[in-house]
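Close look at the chain arrangement
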Amino acid sequence: MSTESPLVVLPGESIDPSLIPTHHKNPLRLGPGLRHIPPSEIVPTVAGQLVVDNRKTSMWIEYNGGRYIPSQNDLIIGQIVRSATDFYYVSLSPYTPNATLPHLAFESATKKTRPQLSPGELVYARVSLANKHMDPELECVSPSTGKADGLGPLKDGMVFDVSLGFARRLLMAKSREEGKVEVLEALGEDGLGFEIAVGRNGKVWVNSESTKTVVLVGRALRETDEKNLGVEAQRKLVKKLVREMR
Amino acid sequence: MTIAAPEASLNALPRADGSARYSYAGYTVTASVNGPIEAQRRDEHAYEAHVDVIVRPAAGVGGTRERHLESILQSSLAQIILVKNFPRSVIQIVLQIESTPENAYVNTKLVQASLNLPIIPALFQTAVLALLSATVPMKATATSTVVAVVLEDGSKKIVADPSPKDIGEATSLHALAFTSHDELLLSESEGDFTVKEWDDVYERAQEICCQSAPKQAGVDMMLDDDASGPDMRSFLRSALETKVASDLYWK
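As recorded in an unreviewed UniProt entry, chain B goes by Exoribonuclease phosphorolytic domain-containing protein and comes from Sordaria brevicollis. What the UniProt record of chain B gives under Subcellular location (unreviewed entry) is the line "Nucleus".

The name an unreviewed UniProt entry gives chain A is Ribosomal RNA-processing protein 40, with Sordaria brevicollis as the organism.

Below, the structure written as structure tokens:
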């Protein structure tokens, strides 16, 4: 899956053509941090590690930090800023243009039965349109099935800020094996019951019946992120926090 | 005089999107980068991002000299940032000068009206590091240096990274920056000089800014290592490698 040694690239550096995956049928897919200059030049635009996946004929740059830039199909946690006639304005990160969330982009929403959200409330949504010339658009419903699939308003709970790279690791399908995040499993094993939603824009929403658990989960996540904790250290941290709480 | 190697630390400021602190040759500069963020109406451009550079002096408030430095940096940084990717937005770069080399020989307060070329490389390098730390998409990286032409025993000598004393005695001063594709990005000169002198200065600056690590491994490079000054490009690379390694510790 990954190359033998971590290959760090800087913006504008040339990539060894032998690293670029080729397939007789599947087109090459470029992920974040890479730019294609026609006809055949592929150049990194950020500093990070070049990751090549030969099976999926895709390549991208793995990096952390910076500001969230919306891209299509990202799951994000947004805060309602205000409501207009047909849509809500939603803030994804501070000082960036608001995204729009149509009033009818909720599960089984009609003109008469739609969620009434007031400024300050949170939504878990998918980015349905991201384009540099337009403000991003969101939806809380799957366009093909009409089901919410876990998206929608987030009631109660609390939001914690994490780095973009950590949010990405939490959202990985195999966050334990590939992302090396075990803090959530460890918290669950210690008998804590909580609900969690991770936004690609570096936000984590946590809810539980007890406020103590919410704070503990949030602290565990933030500490794991800020102190770059490994798997073992994460387990140790959870043990310590749980002991302190009881 | 030998100068300590350049030093940099990235992501020093917790609240900014990206930040860097850089010190070299007596200059220490901290930069923060935020962006792309929403532009105010007057800065808004329909097709590209506005690069907003703010230079803050070590003491007091900024004046004409800082505005001039800002305009020089703004135009060269906008060349390497992919501004077309973020229309109607702002990329804000704040550069705080923390310390400048003390000059025991000349009273620096008296040269208020003159250009402040020697600080350009420090400001420029910090800005590039902070932009990389904020993962702002860029076309290329860049390195910068300042070179003086000093009259010594009747002959002109080219001095890279001149000391404040050299600057005081220099007949001309030149600040240059090169992209990682070896293209000249910025050239600001001051004083009396001939075309031949400028060519020599250009060659010397290119040597400092553009030599890459593999070339330096050669034996002949090692011999005149003292004369050629630091290798800015491999410095930039090693600073970034450290940052990427700590970001991706879980890999």
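More follows now that the structure is in view.
Scanning chain A from terminus to terminus reveals four helices and 15 strands. Projected onto its principal axes, the C-alpha positions of chain A cover 55 × 50 × 35 Å. Counting all 246 residues of chain A, 46% fall into the buried class. Within chain A, contacts between residues at least 6 apart in sequence are counted, and of these 62% link residues at least 24 apart. A total accessible area of about 13,000 Å² is found for chain A, and carbon and sulfur atoms account for 51% of it. The positive charge centre, built from 31 side chains, and the negative charge centre, built from 29, are 2 Å apart in chain A.

Before going further, it helps to examine the pattern of salt bridges. Per the counting criterion, the structure on display carries 21 salt bridges over all chains. Of the charged contacts in the structure, one is a salt bridge between B:Lys196 and B:Asp200, with a shortest N-O distance of 2.8 Å. Of the two residues, B:Lys196 and B:Asp200 both sit in helix H4 (residues 195-210), four residues apart, roughly one turn of that helix. Among the residues examined, B:Asp200 registers a relative accessible area of 28% and is labelled partly exposed. Through salt bridges that share partners, A:Arg176, A:Glu182, A:Glu189 and A:Arg235 make up one connected network.

Moving on, we get to the nonpolar core. Counting 59 residues, the largest nonpolar core has B:Leu77, B:Ile93, B:Leu95, B:Leu123, B:Phe124 and B:Leu131 as the members making the most contacts within it. It is helix H2 (residues 120-133) of chain B that provides the largest number of residues to this core, a total of ten residues. In contact with B:Phe124, other than residues within four places in its own chain, are B:Leu73, B:Ser76, B:Leu77, B:Ala142, B:Thr143, B:Ser144, B:Ala177, B:Leu185 and B:Leu186. Core analysis: the second largest hydrophobic core is formed by 25 residues, A:Ile76, A:Tyr88, A:Leu101 and A:Trp205 among them.

The subject of this paragraph is the pairing of strand E9 (residues 184-191) of chain B. Residues and elements named next belong to chain B. Note that strand E8 (residues 170-179) and E9 share seven bridges and pair antiparallel. Each bridged residue has a counterpart across the sheet, and for Leu 173 the counterpart in E9 is Glu 190. As consecutive antiparallel partners, E8 and E9 are separated by four residues, and within that stretch Asp 182 has a phi angle of approximately 65°, a positive value.

Here we come to the sheet that holds strand E15 (residues 203-207) of chain A. Residues and elements named next belong to chain A. In space, the three strands of this open sheet follow the order E13-E15-E14, with antiparallel pairing throughout. Looking at strand neighbours, the two that pair on one side only are strand E13 (158-161) and strand E14 (195-199), the edges of this open sheet. For this sheet, the mean inter-axis angle between neighbouring strands, taken without regard to orientation, is 20°. Bridge count between E13 and E15: four bridges; the pairing is antiparallel. From the neighbouring strand, Met 158 faces E15, where its bridge partner is Val 206. Of the strands in this sheet, E14 and E15 are in contact with helix H1 (residues 164-171), which crosses E14 at around 125°. Where helix H3 (residues 211-226) meets the sheet, it contacts E13, E14 and E15, and its direction lies at approximately 10° from that of E13.

Turning to empty space enclosed by the protein, a few remarks are in order. Evaluated as defined, the whole model comprises three cavities of 30 Å³ or more. Taken as a whole, the largest cavity holds about 140 Å³ of empty space. What lines the largest cavity is a set of 16 residues, among which B:Tyr24, B:Ala25, B:Pro121, B:Val146 and B:Asp161 lie closest to the centre. Elements supplying a minimum of two residues to the lining of the largest cavity: strand E2 (18-24), H2 and strand E6 (142-152) of chain B. Ranked by residues supplied to the lining of the largest cavity, first place goes to E6(B) with three residues. Of the residues that constitute the lining of the largest cavity, the class distribution is 13 nonpolar, two polar and one charged. Estimated volume of the second largest cavity: approximately 40 Å³. The wall of the second largest cavity is formed by A:Asn64, A:Ser163, A:Gly165, A:Phe166, A:Arg169, A:Asp225, A:Asn228, B:Asp247, B:Tyr249 and B:Trp250. For the lining of the second largest cavity, the element with the most residues is H1(A), which contributes three residues. Its residues placed into classes, the lining of the second largest cavity shows three nonpolar, four polar and three charged.

Criteria and cut-off values
Residues numbered from 1 in each chain as written. Chains lettered and ligands numbered in written order. Predicted model: local features only at pLDDT ≥ 70, side-chain atom pairs only at ≥ 80, totals over all residues. Heavy atoms only, no water. UniProt positions renumbered as here; feature names shortened; annotations may be inferred. Helix = DSSP H or I, 4+ residues; strand = E, 2+ residues; numbered from the N terminus. Buried < 20%, exposed > 50% of the residue type's maximum accessible area, 1.4 Å probe, protein only. Contact = heavy atoms within 4.5 Å. Areas by Shrake-Rupley, 256 points an atom, 1.4 Å probe, with all protein chains shown as cover. Lys, Arg positive; Asp, Glu negative; His and termini not counted. Charge placed at Lys NZ, Arg CZ, Asp CG, Glu CD. Salt bridge = Lys/Arg side-chain N within 4 Å of Asp/Glu carboxyl O. Core = buried A, V, L, I, M, F, W, Y, C linked by side-chain atoms within 4.5 Å. Pairing = 2+ DSSP bridges. Axes fitted to C-alpha atoms, helices over the stretch in contact; angles between N-to-C directions. 1 Å grid on protein atoms, 1.4 Å probe; cavity = no way out; pocket = protein on both sides within 12 Å on 5 of 7 lines; lining within 4 Å. Points joined across faces, edges and corners; volume = space filled by probe spheres on them. Nonpolar A, V, L, I, M, F, W, Y, C, P; charged D, E, K, R; others polar.

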